[in-house]
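Examining the three-dimensional arrangement
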Amino acid sequence: MLVLKFGGTSAGSPQAIGKITGILRDQEHSGKVQVVVVSALSGITDSLIDISRRAASGDEAFGVMVDILRNRHLETLNALFKGEGRKQAAADFNKTFAELNRTLDGISILGELSKRTLDLVMSFGERFSASLLAHVFTAAGINAAFLDARPLVKTDDAFGCARFLPEETFANIRNFFRSRGRNGEKPPLQVVTGFIGSTADGRTTTLGRGGSDLSAAIFAAALGAGELEIWTDVDGILTADPRLVKNAFRIDEISYAEAMEISHFGAKVLFPPTVRPALEKGIPIRIRNTFQSEGRGTRIRERSPAGPYPIRGVSSINHVALIRLQGSGMVGVAGFSSRLFGALARRGINVILITQSSSEYSICFAVLPADARSAEAAIREEFDREIRSGLIEAPITEKDLAVIAVVGSNMKSTSGISGKVFHALGRNGINVVAIAQGSSELNISAVIPRQDEAKALNAVHEAFFLSGVRSVNLFLLGAGLIGGTLLDQIASHHETLAEKHHIRINLVGAANSRNMIFRREGLDPKKVKALLKGGARRNGENGTSGGPADGSGSSLKPEPFSLPLFIERMKAFNLPNMAFCDCTPSGDVSESYGDILRSAISIVTPNKRANAGTLDYYRELTGYSRDRGIPYLYETTVCAGLPVISTLRDLSLSGDRVRRIEAVLSGTLSFIFNNYDGSKPFSALVREARAKGYTEPDPRDDLNAMDAARKALILARECGMALEFSQVSIEPILPPSCFKARDVDAFFAELEKSDGAFEKRRAAAAVEGRALRYIAVVEEGSAKIFLRAEAPGSPFRSLTDSDNIVVITTDRYSTLPMVIKGPGAGAQVTAGGIFADIVRLAKTLV
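Let us look at the structure shown here. (Residues numbered from 1 in each chain as written. Predicted model: local features only at pLDDT ≥ 70, side-chain atom pairs only at ≥ 80, totals over all residues. Heavy atoms only, no water.)

**Some thoughts on the overall build of the protein**
Note the threshold: Segments assigned H or I by DSSP are reported as helices when at least four residues long, segments assigned E as strands when at least two residues long, and all are numbered from the N terminus. Within these notes, the globule rule equals 2.2 Å times the number of residues to the 0.38 power, and the radius of gyration is based on C-alpha atoms. For each residue, the accessible area found with a 1.4 Å probe, counting protein chains only, is set against the maximum for its type, and the residue is called buried under 20%, exposed over 50%, and partly exposed in between. Note on definitions: a residue-residue contact is assigned when non-hydrogen atoms from the two residues lie within 4.5 Å. Residue burial considers only the protein chains on display, and all accessible areas are found by Shrake-Rupley using a 1.4 Å probe.
From N to C terminus, the protein includes 29 helices and 29 strands. Its C-alpha atoms give the protein a radius of gyration of 37 Å, clearly above 28 Å, the size a compact globule of 846 residues would have. Here the C-alpha coordinates of the protein stretch approximately 120 × 70 × 55 Å along the principal axes. For the protein, with 846 residues in total, the buried portion stands at 52%. Counting only contacts in the protein whose residues sit at least 6 apart along the sequence, the fraction spanning at least 24 positions is 71%. On the protein, roughly 36,600 Å² of surface is accessible, and the fraction owed to carbon and sulfur atoms is 49%.

**Some details on the nonpolar core**
Which entries qualify depends on this criterion: Residues belong to one nonpolar core when they are buried, are Ala, Val, Leu, Ile, Met, Phe, Trp, Tyr or Cys, and are joined through side-chain atoms within 4.5 Å.
In this structure, F580, Y593, L665, F682, L734, F747 and L751 are the most contacted members of the largest nonpolar core, which totals 83 residues. Leave out the neighbours within four places in its chain, and L734 touches F682, R700, L703, F739, F747, L751 and F758. Counting 46 residues, the second largest nonpolar core, distinct from the first, contains A56, I107, A130 and V136.

**A short note on the sheet that holds strand 10 (residues 298–301)**
This is how it is decided: At least two DSSP bridges between two strands are needed for those strands to be called paired. For helices, the axis comes from a line fit to the C-alpha atoms of the stretch in contact; other axes are also lines fit to C-alpha atoms, and the angle between any two N-to-C directions lies between 0 and 180 degrees.
Pairing in this open sheet of eight strands is mixed, and the strands run 3-4-2-1-7-9-10-8 from one edge to the other. Strand pairing shows two members of the sheet lacking a second neighbour, strand 3 (144–147) and strand 8 (253–255), which therefore form its edges. Neighbouring strand axes in the sheet, compared pairwise and without regard to direction, differ in orientation by 20° on average. In the packing of helix 1 (residues 14–25) onto the sheet, the strands contacted are strand 1 (2–6), strand 2 (33–38), strand 4 (189–193) and strand 7 (227–232), and the crossing angle to strand 1 comes to about 170°. Seen against the sheet, helix 5 (residues 115–139) touches strand 2, strand 3 and strand 4 and runs at an angle of roughly 160° to strand 4.

**Thoughts on the sheet that holds strand 25 (residues 729–730)**
One open sheet accounts for six strands, arranged 25-27-26-24-28-29; its pairing is mixed. At either margin of the open sheet sits one strand with a lone partner, and together these are strand 25 and strand 29 (818–823). Bridge count for strand 28 (residues 803–810) against strand 29 is six bridges, and the pairing is antiparallel. Bridging across to strand 29, N804 finds its partner in G822.

**As for empty space enclosed by the protein**
Cut-off, in case you're wondering: Each cavity reported here is a set of points on a 1 Å grid over the protein atoms alone in which a 1.4 Å probe fits but cannot get out, each pocket an open set with protein on both sides within 12 Å along at least five of seven lines, and each lining residue one with an atom within 4 Å of a point. Grid points are joined across faces, edges and corners, and a volume is the space filled by probe spheres set on the points. Polar here means any residue other than Ala, Val, Leu, Ile, Met, Phe, Trp, Tyr, Cys and Pro, which are nonpolar, and Asp, Glu, Lys and Arg, which are charged; Gly is therefore polar.
Inspection of every chain in the model, using the stated rule, returns three cavities of 30 Å³ or more. Roughly 60 Å³ of internal volume is contained in the largest cavity. Take the lining of the largest cavity: its biggest share by element is four residues, from helix 5. Here the residues of the lining of the largest cavity are counted per class, giving five nonpolar, three polar and no charged.

**What about the packing of helix 2 (residues 44–57) against helix 4 (residues 83–110)?**
To be explicit about the condition: In these notes the angle categories are as follows: under 35 degrees is roughly parallel, over 145 is roughly antiparallel, 65 to 115 is roughly perpendicular, and the rest is oblique. Handedness of a helix crossing follows the sense of rotation of the near helix relative to the far helix, less than a right angle counterclockwise being left-handed and clockwise being right-handed.
It is at 7 Å that the axes of helix 2 and helix 4 come closest, and there the two elements cross at 40°. One element, helix 2, and the other, helix 4, form an angle in the oblique class. Pair helix 2 / helix 4 crosses with right-handed handedness. When helix 2 is examined against helix 4, the residues L48, I51, S52, A55 and A56 are found in contact with a partner set consisting of L100, L104, I107 and S108. Broken down by class, the residue content of the contact of helix 2 with helix 4 amounts to seven nonpolar, two polar and no charged.

**Looking at the side chain of S471**
Applied cut-off: The term polar contact refers here to a pair of N or O atoms within 3.5 Å; inside protein, the definition further demands a hydrogen-donor-capable atom paired with an acceptor-capable atom, and it admits residues adjacent in sequence only when both atoms are side-chain atoms.
As for its placement among the helices and strands, S471 is situated in strand 17 (residues 470–477). At 2.8 Å, the side chain of S471 and the side chain of E462 are in polar contact.

**Some details on the layout of surface pockets**
In this model, the second largest pocket occupies a volume close to 1,400 Å³. Lining the second largest pocket we find 49 residues, and of these I482, P585, K608, E696 and D707 sit closest to its centre. Counting residues per element, the ones that place at least two in the lining of the second largest pocket are helix 15 (481–501), helix 18 (587–590), helix 22 (667–674), helix 24 (700–703), helix 25 (706–718) and helix 29 (827–844). Per-element accounting of the lining of the second largest pocket gives the leading share, five residues, to helix 25.

**Brief notes about helix 13 (residues 417–427)**
Those residues of helix 13 that fall on the buried side of the exposure criterion are I417, V421, A424, L425 and R427. Buried positions along helix 13 lie against strand 14 (396–407), strand 16 (443–449), helix 14 (453–465), strand 21 (578–582), strand 22 (602–604) and helix 29. A positive backbone phi angle near 70° is found at G429, which sits one or two residues after helix 13.

This is the structure in structure tokens:
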């Protein structure tokens, strides 16, 4: 025998009511259902409360709202019935509605609304819906009858949230159903009002919001049902709130204790007291979706077998206040906690969470924000003497907090759960204000800032349920040659990353120098460049709105770029595992790195400006990254995709010491000197390098060696040298007249005048069998860049085209230095190095 309960959304429209009828008539349920408990139609209870308050306040508009409520029920009734069935259903509705009108008139005349009267008014929602559905089922050929639960469900007189009295209630229900089956005929299906009961003297009470679930559990327990099915608008109990965690999925089976914990911490699928009557009788509960009736939902049992994950779910309470009490007068004082929580209980204040230091010096507890002021007053009153004498400090209240709870019975036998929880929170920059865990190890709770609730839920959910999948929420600044190539590489490789390596890169935001665009669900990297080129919306339209699922449609438009706004918007998303990728050469952008890291957003960059800026700023960024565990990855700042930075770090971590670094760090200068054999003048080779795209449009931007000097400085700092950029010695390649030239043409004219000087130096080296190379040398606390004649056999003579080379001499690599050689420039290799850093970042986010 089954007991079914249908919530307000399940009966919110004629179409939804039709689905309920279909469920009762399907093969699974036909003939097996003895009781259907129903809630008011969706939104009706709130309307009744509003109408009551308006009536009591003398607001004449309540009459209009009463008409709206009446019309909604009549429209539903008219859509479901024809002929005689409609007449009878309407007659029953009108009779009950007349009682509601009389009650509201009384409230209006008296100008008073007590909790007792409000309970009576709220009861009409379930009385309307249960009567309506009984008529619907009868018209569909199901033998059904309306049952007002008030004479059967007996409660105390705590109006608004009454407690049912099990002994009297169970006896009433059993006697009622026993009397219906005496003649040997099959009794009709009873369509029961949820949410309501009555006191011993017949006054109407309500069981608290969500109490229809409890009503259903009471009838199931009284009748010894085989299972209680609670039908709602979700597929069951999920691993997290799907509105906040998009990857949440249905839990097949869960224990009563776990369900109680999850529902206490905000999972609205189940009203917490529901599980108590069922638990006592050993009756399973199943949560199912009225609109996906073929699904099996979530089954709740006294004991549930271990699942594939160490936890069942993550839940939260999205707004609490934390009150802290501390002082030496608490230490070793017996009965202190009894006084504290007794004082709160006398004011009817519910305590959500408690935690106390082992020293007994402080204790804190969480309450609903609406109770915070009353709780403070209760404490001040109870401990007035101790506070005045300084034994205890005045209570301190922190607001705008939330509680997240990690729930699961498997946690008791699994080590490392707490570490995983707090690593996920800390890694994402979420401050934990307080922690609580019971000795049963069924729940780990943490109080956190309210604005971080969704971020925390996603971070913890991903750590436990998607531990095989590493994701990065990426924000890309710069969609030019390097950034655009990176977008192409992400687009072409994202399926392989997901399928083979379980890495997901979600591009949330992107910008070029003119426009920027955002989409929480992710932008299509194939189409971002075109979108950014499309221009900003006009007339104040917001580029973050709408758009098709892939973020590629015409309705998704960019907005004008602003660096402060881009960073502000990135922070506002507050997603877990966020990363900022800077593919610009901008100094303004690099100056924002500190602010970004402090917001717990990782950084991946080929931009050398930050690490080659002041030594203090370099230390600030790398130190914060190291101390807080927020990745700051910049492999491509030196030699594009070549593993230079990571190699230096590995050498240091393994205890080796770098003695000397010699390197060719400029692809432009490498090309020029690799091909400078006397067959062409020096100026001709510079022209050739410009034609091949190896130089900037103005070659002086490369030939001034500033870029190579910044790279040398970064290498020196990575080796632990405390150098400023001004301390890097740079031998100029060009004469001053070349830099003074007014434009590029004038520059080449001046450069041609120097061809003779360059040839003289080259020829002198050639006489000794040597060749010129522009070398950076880092050693003994110094860094310098100069033109050096290399002997045959030198590794610098092996370079071709625009290759870079780094020769590292260490204590271990002293006789035969380590050589790293390869392309040190170019869009593909640079973007590939950035992409590798992003993937490396994803692997650390566990």
